[in-house]
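# Summary of structural features
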Amino acid sequence: MLNQQSGHLGKVVGYGNYLINNVHTVTLKVLVAETTNSHKREFVVEDTVSAWIRWSVA
């Protein structure tokens, strides 16, 4: 997965949700393996599904 805003690359490791203004928003928990500044450090981020797109390397 690729985060369209931060440029982080990673794989989905879980799902979550937030209640914002009485609306449930589905989130993805992604294990980030590579950041835009190329510091190879693994960490988990949680963000809305719409922030992520599928990314594949040929």
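Our structure's up above, just so we're on the same page.
Residues numbered from 1 in each chain as written. Predicted model: local features only at pLDDT ≥ 70, side-chain atom pairs only at ≥ 80, totals over all residues. Heavy atoms only, no water.

Assigned secondary structure in the protein chain consists of zero helices and five strands. Burial status across the protein chain gives 22% buried among its 58 residues. By sequence separation, contacts in the protein chain at least 24 residues apart represent 32% of the contacts at least 6 residues apart. (Helix = DSSP H or I, 4+ residues; strand = E, 2+ residues; numbered from the N terminus. Buried < 20%, exposed > 50% of the residue type's maximum accessible area, 1.4 Å probe, protein only. Contact = heavy atoms within 4.5 Å.)

Let us look at the nonpolar core. Among the nonpolar cores identified, the biggest contains five residues, and these are Leu 28, Val 30, Val 32, Ala 51 and Trp 52. In terms of residues, this core owes the most to one element, strand β3 (residues 23-34), which gives three residues. Sequence-distant contacts of Trp 52, that is, excluding residues within four places in its chain, are made with Met 1, Leu 2, Asn 3, Gln 4, His 8, Leu 28, Val 30, Val 32, Val 45 and Asp 47. (Core = buried A, V, L, I, M, F, W, Y, C linked by side-chain atoms within 4.5 Å.)

Bringing the pairing of strand β2 (residues 9-20) into the picture now. Here β2 runs beside β3; their pairing, made up of 11 bridges, is antiparallel. Within β3, the residue paired with Gly 16 across the bridge is Thr 27. Counted along the chain from β2 to the antiparallel partner β3, the turn is two residues long, and its residue Asn 21 has a positive phi close to 50 degrees. (Pairing = 2+ DSSP bridges.)

One can find Thr 27 in strand β3. Residue classification places Thr 27 among the buried positions, given a relative accessible area of 1%. Engagement of the side chain of Thr 27 in a polar contact is seen with the backbone nitrogen of Asn 17, the distance being 3.5 Å. What Thr 27 contacts, discounting residues up to four positions off in sequence, is Tyr 15, Gly 16, Asn 17, Tyr 18, Glu 46, Asp 47, Thr 48 and Val 49. (Polar contact = N/O pair within 3.5 Å; in protein donor to acceptor, adjacent residues only side chain to side chain.)

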